[in-house]
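These are the residues of each chain, in order.
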Amino acid sequence: MLALFLPIFLVLLLIGMPVFFAMLAAPGFILFANGMDRDIALMYRNIYSGVFSFPLMAIPFFMLAGELMNRGGITFRLVDFSQALIGQLRGGLAQVNILSSMLFAGLSGSAVADTSALGSMLIPAMEKNGYSRRYAAAVTAASSVIGPIIPPSGIMIIYAYVMEVSVAKLFAAGIIPGILVGGSLMVLVNFQARKEGFPVAGRGLDKPEALQPVRKLENICAWIFAVSGLALILMAAFGGDAETATGMSLYFAENPLQFFAVSLIPSLAIMFGIRPFLSVPFRNVAKRAVLPLLTPVIILGGILGGIFTPTEASAVAAFYALFIGMFVLGTLTLKDLPSIFTKAAMISAVVLLLVGAAMAFKTVVSLSHAAELMAEWILTLTANPLILLFLINLLLFIVGMFLDAGPAIIILGPILGPIFVSLGVDPVHFAMIMSVNLTVGLITPPMGLVLFVASSVSGEKVEIIAKQILPFLFVEMAVIFLITYVPAVSLTIPRLLGL
Amino acid sequence: MAVLSGFHALLARINSTILSIGRSISWVLMVLMVFVILLQVFYRYVLNDALSWPEEAALSLMIWMMGLIAPSAYRWGGFVSIDMLSDRLSSLPKFILQMFLISVATIVTAVLLREAYVHYSSPILFNSSGLNRMLQDSGINEALGTNMEFRAAYIYLGMVVCFAVMLSVNIELLIRKIGQFVSGPESFPEPPAPDYLSAGAE
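For clarity, every value in this text was computed on a predicted model and none was experimentally measured. (Residues numbered from 1 in each chain as written. Chains lettered and ligands numbered in written order. Predicted model: local features only at pLDDT ≥ 70, side-chain atom pairs only at ≥ 80, totals over all residues. Heavy atoms only, no water.)

For the overall build of chain B, give the residues involved together with the corresponding values.
Looking only at helices and strands, chain B has eight helices and zero strands in total. Walking chain B from its N terminus toward its C terminus, one meets helices and strands in the order α-α-α-α-α-α-α-α. By the compact-globule yardstick of 17 Å for 202 residues, chain B is too spread out, its C-alpha radius of gyration being 21 Å. Oriented by its inertia axes, the alpha-carbon framework of chain B measures out at about 65 × 45 × 30 Å. Within chain B, the proportion of its 202 residues that are buried is 47%. (Helix = DSSP H or I, 4+ residues; strand = E, 2+ residues; numbered from the N terminus. Rg over C-alpha atoms; globule rule 2.2 N^0.38 Å. Buried < 20%, exposed > 50% of the residue type's maximum accessible area, 1.4 Å probe, protein only.)

Here it is in structure tokens:
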């Protein structure tokens, strides 16, 4: 009886009920009809506790950082830089969008945050470059699912907690699947670009902005950050482990500041070495992009370096974007701030309420045992693991259409995991199947949270993005099957690392 | 119909004023959220003294920020929906569908308001430990000679405000749709959206 809320929810959604209200009205009505008033109160408490979450606070901050970068003209600098790098290719900016998602995946671990941060920056940039808004929104949404696959990943932490699997193993296992999803999307974009004749804007090095010298302060900052960044990369590449290093390596491992100072020398040599090979306009464009490109470096470095939590890193990124826009680039004034903050707050409020409603929705999914009923039904069909894996992918895909990845893992993980482990499937391998499949569910209607966020950020209708995203979805489904039937995709890196 | 039109104009003006105030407070709360989190990072890494209250303070600010601005998003169509069916219907069926959707949204909002109020006025309310610590640590109570306490209910109140204003917006929408269907859009005009809302993702 309780499971009836799913078809009611579907009908409400299809007739145009805002998702927030549909997620509450359908289960609320069924609970009311069954005299379960106390569970309605529980639903409300779950909305509140769903929103009152520190990790979720990264969403408004990422929105804000994106908005500040947009209005501060930073997006255009990134576009110019991307264009200077791969503008001669067809579909260059769409490729940049996917690559950015892969880079952002290393910092946010959330597809929703990726969509909001990258979407508010790259969708207008792609539009400006001649892409349709619907295509830009579809590429952004489709590539954002890489966020929870490449570590760090929120859903993998949930899975590890629920299923008692090592977080480190899951993080290591997610690297190849994440790169595979990104790489496959790039291949598809390349194919689409040739077929559809996506714009070739050229490298844009003859534009007046490219020929104009960079401001002195910006030039100095760009040099400092570029050389420091290169030094950090060298440190990461050649640094030793304090536990196993000997001699000079041990000294540097124990004294990172000295190591950094020494690393600055080869960094400077490299920078001066490559300088003559780069044209003046390209150098100008690159220097203008250094400060914006440092944003993900701050976030990723902060999170992976254990300095910030993702929420703190997102707040630092917002402050950095504000500081750069106001004091270094001079593109933002105090007068611009109220509208920027208000717009970021408004988009965030919609997303926060949606997540809260999803948490309430999850409560009723648990109460009604809808997910378990579906699982039971599929398991009665066959005992062959290969067919079962195919069927389970189908089930996860359907569940992913209605549920967020986190709640779906919490509900289905403990039911399905033990069945497949007993059939000989490696727990880490099954975790990857589940995580990737349910993450892709974030871009499938009718309940694709990323799809809704992409719609909210782009201003394009959900159904239009859903239609445009289909080719990307097929490619991601193909990758899911590759992950399912080739366990080495997930298990190679954990094995190589001895995890 | 003239009475309905007058009531709609009055309600729309009241809502516009409340929403405008809400948006103005909301962006300031967003600034404070960033500030509080940066303060947390600064204290932890520069002063080597992890504060106990910034996380809770920032979350409280976020709840209020959301509560004050979400009704504006709702009023100007910021809540995501699938509009395929409505776009394809003729005048009467479209009106009936819109009435149904807004009525359901109104009922849901009313229930949420009731639950939010119950949550707010619950007898088992705890003082907020982190924010109370801030009141003690900062010396505010000492300086003012007071014994102020920060109650969790102050945070819950943000949700009450959110759903109360959203309910008022729902009633305005309901009246406007009825009025527009009966007398035409001129007698029941749509309230003008703030500039930055019409700008999309630009």
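Next, the rest of the story.
Could you give an account of the overall build of chain A, naming the residues involved and the relevant values?
Helix and strand counts for chain A stand at 25 helices and zero strands. When each of the 499 residues of chain A is scored for burial, the buried share is 59%. Contacts spanning at least 24 positions in sequence make up 78% of the contacts within chain A whose residues lie at least 6 apart. Carbon and sulfur atoms make up 71% of the accessible area of chain A, which amounts to about 19200 Å² in all. (Contact = heavy atoms within 4.5 Å. Areas by Shrake-Rupley, 256 points an atom, 1.4 Å probe, with all protein chains shown as cover.)

Give a detailed account of the environment of valine 51 of chain A, specifying residues and quantitative values.
Topologically, valine 51 of chain A is positioned in helix α3 (residues 37–51). Put simply, valine 51 of chain A and valine 355 of chain A are 304 residues apart on the chain and 6.8 Å apart in space, counted from C-alpha to C-alpha. If we skip the residues at most four places from it in the chain, valine 51 of chain A touches Leu56, Leu352 and Gly356 of chain A together with Met62, Ile63 and Met66 of chain B.

An account of the pattern of salt bridges is needed here, citing residue identities and associated values.
All names here are of chain B. For the structure on display, the rule yields six salt bridges over all chains. Here arginine 114 and glutamate 115 are joined by a salt bridge, their closest N and O atoms 2.7 Å apart. Linked by salt bridges that have partners in common, Arg75, Glu172, Arg176 and Glu190 make up one network. (Salt bridge = Lys/Arg side-chain N within 4 Å of Asp/Glu carboxyl O.)

Which residues make up unusual backbone geometry, and what are the values?
Residues and elements named next belong to chain B. Despite not being glycine, asparagine 48 has its phi angle at roughly 55°, a positive value. As for its placement among the helices and strands, asparagine 48 is situated in the loop between α1 (2–45) and α2 (54–75). Judged by its relative accessible area of 68%, asparagine 48 is exposed.

Before we move on, could you go through the environment of leucine 185 of chain A and cite the residues and values that matter?
All names here are of chain A. Topologically, leucine 185 is positioned in helix α10 (residues 167–196). In this structure, the C-alpha to C-alpha distance between leucine 185 and glutamine 258, residues 73 residues apart in sequence, is 42 Å. In this view, leucine 185 contacts Ile98, Ala142, Ser143, Ile146, Phe472, Val475 and Glu476; residues no more than four positions away in its chain are not counted.

Just give me the short version of the nonpolar core, but keep the residues and values in it.
Among the nonpolar cores identified, the biggest contains 195 residues, and Phe472 of chain A together with Phe163 of chain B are the most heavily contacted of them. The leading source of residues in this core is helix α17 (residues 337–368) of chain A, at 20 residues. In this structure, Phe81, Leu205, Phe282 and Ala289 of chain A belong to the second largest nonpolar core, which totals eight residues. (Core = buried A, V, L, I, M, F, W, Y, C linked by side-chain atoms within 4.5 Å.)

Give a detailed account of helix α6 (residues 92–105) of chain A, specifying residues and quantitative values.
With 14 residues, α6 of chain A should cover 20 Å at 1.5 Å per step; its first-to-last C-alpha distance of 20 Å lies within 8% of that length. By the criterion of burial, α6 of chain A is predominantly enclosed, with twelve of the 14 residues buried. (Expected span 1.5 Å × (residues − 1).)

Break down the interface of chain A and chain B for me, with residues and values.
The partner chain B presents 61 residues to the 60 residues of chain A that form the contact. Surface buried jointly by chain A and chain B totals about 5600 Å² across both partners, of which 79% is contributed by carbon and sulfur atoms. Contact with chain B buries area across many residues of chain A, yet Phe21, Tyr44 and Met346 of chain A alone supply 13% of it, more than any other trio. At the junction of chain A and chain B, the tally comes to one salt bridge. The closest approach of N and O atoms between glutamate 312 of chain A and arginine 44 of chain B, which form a salt bridge, is 2.4 Å. Where chain A meets chain B, there are two residue pairs in polar contact (both at pLDDT 80 or more). Looking at side-chain class alone, the side of chain A that touches chain B contains 41 nonpolar, twelve polar and seven charged residues. (Buried area = accessible area lost by both parts, 1.4 Å probe. Polar contact = N/O pair within 3.5 Å; in protein donor to acceptor, adjacent residues only side chain to side chain. Nonpolar A, V, L, I, M, F, W, Y, C, P; charged D, E, K, R; others polar.)

With reference to specific residues and values, describe α17 of chain A.
Residues and elements named next belong to chain A. With 32 residues, α17 should reach 46 Å at 1.5 Å per residue; the first-to-last C-alpha distance of 46 Å fits that figure. Counting buried positions along α17 yields 28 of 32 residues, so the element is predominantly enclosed. Positioned one or two residues after α17, histidine 369 has a phi angle of 60°, which is positive.

I'd love a proper account of the packing of aromatic side chains, names of residues and values included.
Residues and elements named next belong to chain A. Taken as a whole and judged by the stated rule, the model has 20 aromatic pairs over all chains. With a centroid separation of 4.7 Å and 55° between ring planes, the pair formed by tyrosine 135 and phenylalanine 198 is classed as tilted. Of this pair, tyrosine 135 sits in helix α8 (residues 133–144) while phenylalanine 198 is found in the loop between α10 and α11 (208–211), placing the two residues 63 residues apart along the sequence. Grouping aromatic residues by their ring pairs yields a cluster made of Tyr131, Tyr135, Phe198 and Phe472. (Phe/Tyr/Trp six-rings, centres within 6.5 Å; stacked < 30°, edge-to-face > 60°.)

Would you mind going over the side chain of histidine 429 of chain A in detail, with residue names and values included?
Residues and elements named next belong to chain A. Positionally, histidine 429 belongs in helix α21 (residues 427–440). A residue is classified by how much of its surface remains accessible, and histidine 429, at 4% relative accessible area, is buried. One polar contact links the side chain of histidine 429 to the main-chain carbonyl oxygen of threonine 484, over a distance of 3.1 Å. Every residue in contact with histidine 429, bar those within four places of it in the chain, is listed here: Ile483, Thr484, Pro487, Ser490 and Leu491.

Outline the packing of helix α1 (residues 5–14) of chain A against helix α2 (residues 19–33) of chain A, listing residues and values.
Residue and element names in this part refer to chain A. Following both chains from N to C, one finds α1 and α2 inclined at 145°, their axes separated by 9 Å at the closest point. The way α1 lies across α2 gives a crossing that is right-handed. Between α1, through Phe5, Ile8, Phe9, Leu12 and Leu13, and α2, the contact on the second element is made entirely by Val19, Ala22, Met23, Ala25, Ala26, Pro27, Phe29 and Ile30. For the contact of α1 with α2, the per-class residue count stands at 13 nonpolar, no polar and no charged. (Axes fitted to C-alpha atoms, helices over the stretch in contact; angles between N-to-C directions. Left-handed = near helix turned anticlockwise from the far one by under 90°.)

Residues and numbers for the confidence of the model for chain B, please.
Residue and element names in this part refer to chain B. Chain-level statistics for chain B give a pLDDT mean of 85 and a share of 92% at 70 or above. Note that residues 198–202 has pLDDT below 50 and, in this model, twelve contacts with residues that lie over four places away or in other chains. Predicted as a complex, the structure gets a pTM of 0.75 and an ipTM equal to 0.90. (pLDDT = per-residue confidence, 0-100.)

Before we move on, could you go through a nonpolar patch on the surface and cite the residues and values that matter?
All names here are of chain A. A contiguous nonpolar surface patch, about 570 Å² in accessible area, is contributed by Leu386, Phe390, Leu394, Ile398, Leu482, Tyr485 and Val486. When residues of the nonpolar patch are traced back to their parent elements, those giving at least two are α19 (385–402) and α24 (470–485). If you tally residues by element for the nonpolar patch, the top one is α19, at four residues. Along the chain, the position of leucine 394 falls in helix α19. (Patch = residues over 30% accessible without salt bridge, like charges linked within 9 Å, V, L, I, M, F, W, Y side chains within 5 Å.)

Talk me through the side chain of serine 339 of chain A; I want residue IDs and the actual numbers.
Residue and element names in this part refer to chain A. Structurally, serine 339 can be placed in helix α17. For serine 339, a relative accessible area of 16% puts it in the buried group. At 3.1 Å, the side chain of serine 339 forms a polar contact with the backbone oxygen of aspartate 336.

I'd like a rundown of the environment of leucine 322 of chain A, residues and numbers included.
All names here are of chain A. Of note, leucine 322 is situated in helix α16 (residues 310–328). For leucine 322, a relative accessible area of 18% gives the class buried. Taking the C-alpha atoms as reference points, leucine 322 and leucine 64, separated by 258 residues in sequence, lie 9.2 Å from one another. With residues near it in sequence (within four places) discarded, leucine 322 still touches Leu68 and Leu337.

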